[in-house]
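# Observations on chain architecture
Spelled out, the chains give:
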Amino acid sequence: MNTPSATWQQALADAFGSVADLCAYLQLSPADLNLPEQASAFPLRVPRDFAARMQAGNPDDPLLRQVLPDLAELTDYPGYTDDPVGDLKAVAETGVIHKYRGRVLFIMTGACAVHCRYCFRRNFPYGELQLSGRQFESALTYVEQRPEISEVILSGGDPLLLSDAKLEQLMCRFAEIGHIKRIRIHTRTPVVLPERVTSALLRTFAALPKPVAMVLHVNHAQELSNSVNQICTELKLSGVTLLNQSVLLKGINDDGEQLRELSEKLFSFNILPYYLHLLDRARGVGHFEVSEAEAKILHQYLQRHLPGYLVPRLVKEQAGAAFKIPIC
Ligand SMILES: *Cc1c(COP(=O)(O)O)cnc(C)c1O
Ligand code: SF4
């Protein structure tokens, strides 16, 4: 069974890194899966705490499907490209993506605690774009010189793969800028590697002079384990506002009842549903697509069954647009 790791770095190092190991753990035979013959350039990475929420022996488990390489990734779908959301055009300088008014996004690192097969960043050179020391100073200047920016978004990759000390230093510097009203963190790490939410990190959030919003990324209610519940409580006690974005994924969460259950469970974990995204058309992910017409039907189901504040906004990312486009 799972032995708790001493530190989050250790938990990350202990993550499953090969299909064979994950299959053995889940009592699945690789021969029964639709695996590619060659290991992907975007390799499997699954923390143990996340793998423990998968059902053994079930090749269709909705958590497994999010992380297991599939032969279908090699199929080319028309319109699926390496930079589907126009991020390369919106790069203001290294590590700085300024696409929407008032908010600027920083690529803190190219790494993630989990590798999601549907990720729109899977083919994108985020590793090369990430901020390093001197570039960080120049990014700070970028924000300081633009009083219209009120919110700094830390993204990646996953910003929570930086150390506590580094995060504290970065967030404090941003929070000191007078016109910055909020700091937002986009991360999947607390959900897949709850060990990452250390007491030092919680103290940093609690001590920051500006409010912190954290946008988590949960696609299925089965991801919401007791370990995640506990860290969400701690984050809330440290003053962090928790929001969630999901991606609509064929065979994983394209079901009204499952989406309803996800919203209900998110709320019970102190997380409010924020966005439900249509899939970004990155090369290699076409087999996950849910059509816009199906998405609308699912969204209407949620509207009929949930209070308005538990219905995520259904949106798609469009290169060059001024905001994420609502689908309705
Ligand atoms: C999604 C995104 C944001 C944030 O958009 P909100 O609608 O405020 O959540 C900001 N910058 C970039 C580049 C984004 O992709
Ligand atoms: S955590 Fe986010 S950025 Fe990282 S692989 Fe998953 S979807 Fe992509």
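Read on for a plain summary of the structure.

What counts, and at which threshold
- Residues numbered from 1 in each chain as written.
- Chains lettered and ligands numbered in written order.
- Predicted model: local features only at pLDDT ≥ 70, side-chain atom pairs only at ≥ 80, totals over all residues.
- Heavy atoms only, no water.
- Disulfide = S-S within 2.5 Å.
- Buried < 20%, exposed > 50% of the residue type's maximum accessible area, 1.4 Å probe, protein only.
- Salt bridge = Lys/Arg side-chain N within 4 Å of Asp/Glu carboxyl O.
- Helix = DSSP H or I, 4+ residues; strand = E, 2+ residues; numbered from the N terminus.
- Core = buried A, V, L, I, M, F, W, Y, C linked by side-chain atoms within 4.5 Å.
- Contact = heavy atoms within 4.5 Å.
- Near = heavy atom within 4 Å.
- Polar contact = N/O pair within 3.5 Å; in protein donor to acceptor, adjacent residues only side chain to side chain.
- Areas by Shrake-Rupley, 256 points an atom, 1.4 Å probe, with all protein chains shown as cover.
- Patch = residues over 30% accessible without salt bridge, like charges linked within 9 Å, V, L, I, M, F, W, Y side chains within 5 Å.
- Pairing = 2+ DSSP bridges.
- Right-handed = clockwise from strand over helix to strand, strands pointing away.
- Axes fitted to C-alpha atoms, helices over the stretch in contact; angles between N-to-C directions.
- Parallel < 35°, antiparallel > 145°, perpendicular 65-115°, else oblique.
- Left-handed = near helix turned anticlockwise from the far one by under 90°.
- Nonpolar A, V, L, I, M, F, W, Y, C, P; charged D, E, K, R; others polar.

With that out of the way, let us pick up the state of the cysteines. Such a bond, covalent and formed between the sulfur atoms of two cysteines, is termed a disulfide. Considering all chains together, one arrives at zero disulfides under this definition. Sulfur of Cys 23: no disulfide; nearest cysteine sulfur belongs to Cys 116 and is 18 Å away. Residue classification places Cys 23 among the buried positions, given a relative accessible area of 3%.

Applying the stated rule across the entire model yields 18 salt bridges. One salt bridge connects Arg 65 with Asp 70, and the closest N-O pair in it is separated by 3.1 Å. In this structure, Arg 65 and Asp 70 share a single accessibility class: buried. Notably, a salt bridge pairs Glu 264 with Arg 260, separated by 3.4 Å at the nearest N-O pair. A residue pair is termed a helical-turn pair when its members lie 3 or 4 positions apart in one helix, as Glu 264 and Arg 260 do in helix α11 (residues 256-268) at four residues. Judged by relative accessible area, Glu 264 falls into the partly exposed class, the value being 36%. Arg 260 gets classed as partly exposed once you look at its relative accessible area, which sits at 21%.

In this structure, Phe 106, Val 143, Leu 154, Phe 174, Phe 205, Met 214 and Leu 235 are the most contacted members of the largest nonpolar core, which totals 45 residues. Not counting the four nearest positions on each side in its chain, Phe 205 is found in contact with Met 171, Ile 185, Val 212, Met 214, Leu 235, Ser 238 and Val 240. Counting 36 residues, the second largest nonpolar core, distinct from the first, contains Leu 28, Val 67, Leu 161 and Leu 279.

Taken together, Ile 97, Lys 99, Tyr 100, Arg 103, Leu 105, Ile 153, Arg 184, Tyr 274, Tyr 275, Glu 317 and Lys 324 form the complete shell of residues around ligand 1. Contact between ligand 1 and Arg 103: an oxygen atom at 2.7 Å from a side-chain N or O atom of the residue. For ligand 1, an oxygen atom lies 2.8 Å from a polar atom in the side chain of Arg 184. Calculation on ligand 1 without its partners gives an accessible area of 390 Å², and the protein chains cover 90% of this total. Take the shell around ligand 1: its biggest share by element is three residues, from strand β2 (residues 96-100).

Taken together, the side chains of Phe 267, Leu 272 and Tyr 309 make up a nonpolar region of the molecular surface, amounting to roughly 300 Å² of accessible area. Position of Phe 267 among the secondary structure elements: in helix α11. Overall, the relative accessible area of 42% leaves Phe 267 in the partly exposed class.

Once that is clear, we can look at the pairing of strand β5 (residues 182-186). Within a regular strand, the side chains alternate between the two sheet faces. Of all five residues that make up β5, four are buried, and the element is covered over most of its length. Across four bridges, the pairing between strand β4 (residues 151-155) and β5 is parallel. Bridge pairing in β5 links Ile 153 to Arg 184. Taken together, β4, helix α7 (residues 164-176) and β5 form a β-α-β motif whose crossover is right-handed. Bridge count between β5 and strand β6 (residues 212-217): four bridges; the pairing is parallel. Across the sheet, residue Ile 185 finds its bridge partner in β6, namely Met 214.

It is worth spelling out the packing of α11 against helix α12 (residues 292-305) at this point. Where α11 meets α12, the closest approach of the two axes is 9 Å, and the angle between their N-to-C directions is 50°. When the interaxial angle is binned, α11 and α12 end up oblique. Both α11 and α12 take part in a crossing whose hand is right-handed. Facing α11, whose interface residues are Gly 256, Glu 257, Leu 259 and Arg 260, α12 presents Leu 298, Tyr 301, Leu 302 and His 305. Taken together, the residues of the contact of α11 with α12 sort by class into four nonpolar, two polar and two charged.

Interpretation note: all reported values are geometric properties and have no functional meaning in isolation.
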